[in-house]
Amino acid sequence: MALRMATELGRRIRLEAAVEEVAVRPGGCRVRLAGGESLTADAVVSALPVGPLRSVAFTGVSEARLASLHRQRQAVAAKFAAAYDKPFWRSLDLNGLSECEGVLGSTWPQSEGILSALIPPERYGVLLGMPAPVRDHELLSDVARLYGAQAFQPFTSYLRLWGTDPWTQGYVTQWNPGDVMAVGPLHGTQKPPFYVCGSDQWVAGYMEGAVRTGRDTAREVLRHG
Ligand SMILES: Cc1cc2nc3c(=O)[nH]c(=O)nc-3n(C[C@H](O)[C@H](O)[C@H](O)COP(=O)(O)OP(=O)(O)OC[C@H]3O[C@@H](n4cnc5c(N)ncnc54)[C@H](O)[C@@H]3O)c2cc1C
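Residues numbered from 1 in each chain as written. Predicted model: local features only at pLDDT ≥ 70, side-chain atom pairs only at ≥ 80, totals over all residues. Heavy atoms only, no water.

Visitor: Before we move on, could you go through helix 5 (residues 132-147) and cite the residues and values that matter?
Guide: For helix 5, built from 16 residues, the straight-helix expectation of 22 Å at 1.5 Å per residue is met to within 8% by its first-to-last C-alpha distance of 24 Å. Buried within helix 5 are the following residues: Arg-135, Leu-139, Leu-140, Ser-141, Asp-142, Val-143, Ala-144 and Tyr-147. Check the buried side of helix 5 and you find it contacts strand 7 (78-83), strand 8 (98-99), strand 9 (106-111), strand 10 (114-119), helix 4 (121-129) and strand 11 (156-160). Phi turns positive, to about 100°, at Gly-148, one or two residues after helix 5. (Helix = DSSP H or I, 4+ residues; strand = E, 2+ residues; numbered from the N terminus. Expected span 1.5 Å × (residues − 1). Buried < 20%, exposed > 50% of the residue type's maximum accessible area, 1.4 Å probe, protein only. Contact = heavy atoms within 4.5 Å.)

Okay, here's the thing in structure tokens:
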């Protein structure tokens, strides 16, 4: 859906263009991309997750607002998926749902024959410590402990290290005790011509947060410009 919407916008969408610097000024904002190109605009809407946002240099945004944005965190997690010809776990009367004690935190059937698993923040370091050539085997060992040796025979598997991907630096918004008060009342607010949206700017992250804050921010931009 995102790609189809992007086609309608044509050349107005710039892909693989990393923002490094944002200067916010009423009457003319400037965004500098990696490589040095500068873009000018009446307003800036940031949809960056809070991790990558920390690396962007801002001017014209109040220290209090930046402190609030920079105080947020993401859960550092990874996702592993293994695809099989059929959901072999069902032959053992198992439904593929589990909470695990290994490196995998949980498994669930993503689709017919596809098992997904999450590596939660407290186990992410163990995952990073695995030498790359043995990673898949060690993760499949966790699956095999649950569902038997057939787990070692996926036709493909895929590991995505969301927690250390430079463009996400996490999985979903995480609120530790004390964070709500520390991030404070500026969370989720807008100060034209600088707007912030994205799932981290909602109460609990997730797709619902990305969509809700996106729509709310678009409304605000149309109202204020
Ligand atoms: C494995 C996994 C499973 C999930 N499962 C669910 C689920 O079941 N249900 C659910 O509701 N949510 C789920 N989520 C969470 C959900 O995917 C996210 O909350 C949501 O996609 C975040 O949307 P967003 O638009 O805020 O940010 P993103 O989709 O992360 O978009 C941010 C964009 O900013 C770009 N970017 C970063 N830095 C820069 C920069 N400097 N310059 C330019 N661009 C930059 C990134 O490349 C990216 O395209 C899951 C997430 C993961 C990782």
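Visitor: Can you tell me about the side chain of Gln-74, naming the residues and giving the values?
Guide: Positionally, Gln-74 belongs in strand 6 (residues 73-74). A residue is classified by how much of its surface remains accessible, and Gln-74, at 12% relative accessible area, is buried. From its side chain, Gln-74 meets the backbone nitrogen of Tyr-171 in a polar contact 3.1 Å long. A polar contact of 2.8 Å, which involves the side chain of Gln-74, links it to the side chain of Asp-200. Among residues more than four places away in sequence, those in contact with Gln-74 are Pro-49, Val-50, Thr-168, Gln-169, Gly-170, Tyr-171, Val-172, Thr-173, Gln-174 and Asp-200. (Polar contact = N/O pair within 3.5 Å; in protein donor to acceptor, adjacent residues only side chain to side chain.)

Visitor: Quick rundown of the sheet that holds strand 1 (residues 19-23)? Include the residues and the values.
Guide: In a beta sheet, neighbouring strands pair by backbone hydrogen bonds and run either parallel or antiparallel. Ordered by their spatial adjacency, 4 strands build an open sheet running 3-2-1-5, and the pairing between neighbours is mixed. Strands at the two margins of the open sheet, each flanked by one partner only, are strand 3 (38-41) and strand 5 (57-59). In this sheet, adjacent strand axes meet at a mean angle of 15° when their direction is disregarded. Here strand 1 runs beside strand 5; their pairing, made up of 3 bridges, is parallel. Counted as the bridge partner of Val-22 is Phe-58 from strand 5. (Pairing = 2+ DSSP bridges. Axes fitted to C-alpha atoms, helices over the stretch in contact; angles between N-to-C directions.)

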